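# A structural walkthrough
These are the residues of each chain, in order.
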Amino acid sequence: ECSKKQKNDTQSTSVEPSNDGFEERNEFHTLANAKILLSDCLACDNCMTSEEGARVFQQNQKELFRILNLNKKCDTSKHKVLAVSLCPQSLPYFAAKFNLSVNDAARRLCGFLKSLGVHYVFDTTIAADFSILESQREFVQRYQRRNQEEHALPMFASACPGWIRYAERVLTNLVTTHICTAKSPQQIMGSLVKGYFARQQNLSPDKIFHIIVAPCYDKKLEALREDFYTALYNSQEVDCVLTSGEIAQIMEQKNVSMKDVTGVAVDSLFDEIKEGDVVRHEGKRSDGYLEHIFKHAAKELFGMDVKEITYKALKNKDFQEVTLEKDGETVLRFAAAYGFRNIQNMVLKLKKGKFLYHFVEVLACPGGCLNGKGQAQTEDGKPDKALLNQMEEVYAAIPVRLPETNMHVQKMYQDWLEGMDSKKVQETLHTKYSAVNETTSNLDIKW
């Protein structure tokens with residue numbers, strides 16, 4: 001049963017009411033042991049096995065320094081190639097916190113990580129390119145099958161691990177059959193680094209230690225998924241997830257300011273090429289699945305070229321809808337639902353058969369990925385609203401690049417994935433989401 005219902009404070013599930021009844025306390029200022037509380041993410045004790053809990057708590061700064069120290073020893077057989085992948089929603093945090101441009105922040109963050117002993121620093125935007133492209137194609141296919149398959153629509157986005165965890169552990173089959181099968185950017189980045197890049201470098205995947213820097217704690221749990229593991233090499237595709245705040249804490253412990261770090265160009269997965277300026281996808285605070293899928297579907301299904309999307313706020317700013325009309329009829333109805341109050345309302349409508357939407361971009365954090373609990377928090381665990389506003393301005397100013405225009409992605413579809421409709425695409429870029437516990441009582445939770 002989901003512990004979100006609990007109001008009492010315990011050691012592992014700590015909830016403290018706030019003005020709107022939804023902002024919760026966390027332990028951002030004591031991250032040394034990577035302790036995840038209910039207030040930090042959905043993964044409370046009732047959602048985690050003891051083994052998962054132990055493995056999650058191992059994902060902290062100590063794990064990074066364990067590998068760094070291992071690489072300093074003489075036994076080269078135990079050395080690891082240390083690769084760090086940066087989420088685009090983490091970069092505005094460093095830019096705003098240190099008053100830098102986002103390009104300068106990316107280069108200086110790369111320089112800092114390499115000064116510690118990291119070998120490669122990548123940008124996960126290319127992984128999001130793949131995830132968005134596969135999500136677009138899947139939505140069009142589901143829409144075309146909507147009259148033949150009961151669970152074809154609605155389709156829910158699969159990029160947020162907090163939402164996925166909740167759907168699998170609490171909502172079960174009511175929702176899981178509707179979740180897009182495209183892997184999240186983190187999952188795909190794991191495949192790119194330990195699959196494509198490892199092969200390019202002639203390395204065994206288990207010789208690479210892959211760290212993701214992300215805005216939220218739920219990514220730590222996502223890294224433990226069984227479909228994120230390569231049995232042949234006994235290797236996770238992502239070995240450790242550190243939040244943006246945990247990286248900032250390393251800087252504080254070392255008494256280093258980003259402004260004092262020499263910038264270094266971010267690495268590319270392709271030979272000796274370096275990344276250029278930071279780019280993002282459409283969308284205000286996330287990877288913009290709604291906007292990309294909406295425009296693609298309008299073009300593919302109805303021959304309509306949508307340039308600008310108009311959001312209509314419904315009950316609150318974190319629940320908005322977008323519609324497409326043709327010949328006086330609403331042919332597409334999409335929604336963005338951020339935060340668990342909106343998620344719960346959405347699920348209740350689905351349960352009652354009053355669900356009107358074809359696609360919903362679901363994110364666990366109110367305000368989206370920039371407001372992840374692993375960054376932009378004050379010492380008492382509240383959102384740093386001033387910093388978050390700066391981050392939003394920084395993120396909005398980043399140039400948009402459409403996934404379809406990334407020539408590296410198109411080339412990898414042909415050379416690495418053996419074509420867009422190949423079996424390898426399904427194995428590498430898609431997964432399955434299924435109910436873990438058959439329980440339905442939690443659908444009546446009041447948030």
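Predicted, not measured: the structure shown is a model, and the values here were computed from it.

What counts as what
- Residues numbered from 1 in each chain as written.
- Predicted model: local features only at pLDDT ≥ 70, side-chain atom pairs only at ≥ 80, totals over all residues.
- Heavy atoms only, no water.
- Core = buried A, V, L, I, M, F, W, Y, C linked by side-chain atoms within 4.5 Å.
- Buried < 20%, exposed > 50% of the residue type's maximum accessible area, 1.4 Å probe, protein only.
- Helix = DSSP H or I, 4+ residues; strand = E, 2+ residues; numbered from the N terminus.
- Contact = heavy atoms within 4.5 Å.
- pLDDT = per-residue confidence, 0-100.
- Phe/Tyr/Trp six-rings, centres within 6.5 Å; stacked < 30°, edge-to-face > 60°.
- Lys NZ or Arg CZ within 6 Å of the ring centre and 35° of its normal.
- Salt bridge = Lys/Arg side-chain N within 4 Å of Asp/Glu carboxyl O.
- Pairing = 2+ DSSP bridges.
- Right-handed = clockwise from strand over helix to strand, strands pointing away.

## A short note on the nonpolar core
Of all hydrophobic cores here, the largest spans 51 residues; its most connected members are Phe139, Phe156, Trp163 and Met346. At the level of secondary structure, the elements contributing two or more residues to this core comprise helix H5 (125–144), strand E3 (155–156), helix H6 (161–171), helix H11 (289–302), strand E9 (319–326), strand E10 (329–338), helix H12 (340–351) and strand E11 (359–363). Every residue in contact with Phe156, bar those within four places of it in the chain, is listed here: Trp163, Val175, His178, Ile179, Cys180, Met346, Leu350, Phe355, Phe359, Val360 and Val362. Formed by 44 residues, the second largest nonpolar core is a distinct cluster that contains Leu100, Ile247, Ile250 and Leu387.

## A few points about the confidence of the model for the protein chain
Across the protein chain, the average pLDDT comes to 84, with 85% of residues at or above 70. Residue range residues 1–45 is modelled with pLDDT below 50. Its contacts to residues more than four positions away, or to other chains, number 118 contacts. Overall, residues 438–447 carries pLDDT values under 50, and its contacts beyond four positions in sequence, including any with other chains, amount to 27 contacts.

## Things to note about the packing of aromatic side chains
According to the stated counting rule, one finds 18 aromatic pairs in the structure shown. Plain terms: the ring middles of Phe355 and Tyr357 are 5.6 Å apart, the flat faces sit at 75° to each other, and that makes the pair edge-to-face. Both residues of the pair, Phe355 and Tyr357, belong to the buried class. Counting every residue linked through ring pairs, the aromatic cluster contains Phe139, Tyr143, Phe294, Phe302, Phe334 and Phe359. In this structure, Lys97 packs its charged tip against the face of Phe98, placed 6.0 Å from the ring centre. Over the ring of Tyr143 we find Arg146; its NZ or CZ atom is 4.1 Å from the centre of that ring.

## A look at the pattern of salt bridges
Applying the stated criterion across every chain yields a total of 18 salt bridges. In this structure, Glu149 and Arg145 form a salt bridge, with 2.8 Å as the shortest nitrogen-oxygen distance. Residue class for Glu149 comes out partly exposed when judged on its relative accessible area of 36%. Residue Lys220 pairs with Glu246 through a salt bridge whose shortest N-O separation is 3.0 Å. With Lys220 in helix H9 (residues 218–222) and Glu246 in helix H10 (residues 244–253), the pair connects residues that are 26 residues apart, well separated along the chain. Residues Lys220 and Glu246 agree in their burial class; the two are buried.

## Digging into the pairing of E10
Burial runs high along E10: 7 of the 10 residues are buried. As paired strands, E9 and E10 are joined by 8 bridges and run antiparallel to one another. Paired with Glu321 across the two strands is Ala335, which belongs to E10. With antiparallel pairing between neighbouring strands as the criterion, E9 and E10 make up a hairpin whose turn holds 2 residues, including Asp327 at a positive phi of roughly 55°. Remark: the E10/H12/E11 crossover connection has right-handed handedness.

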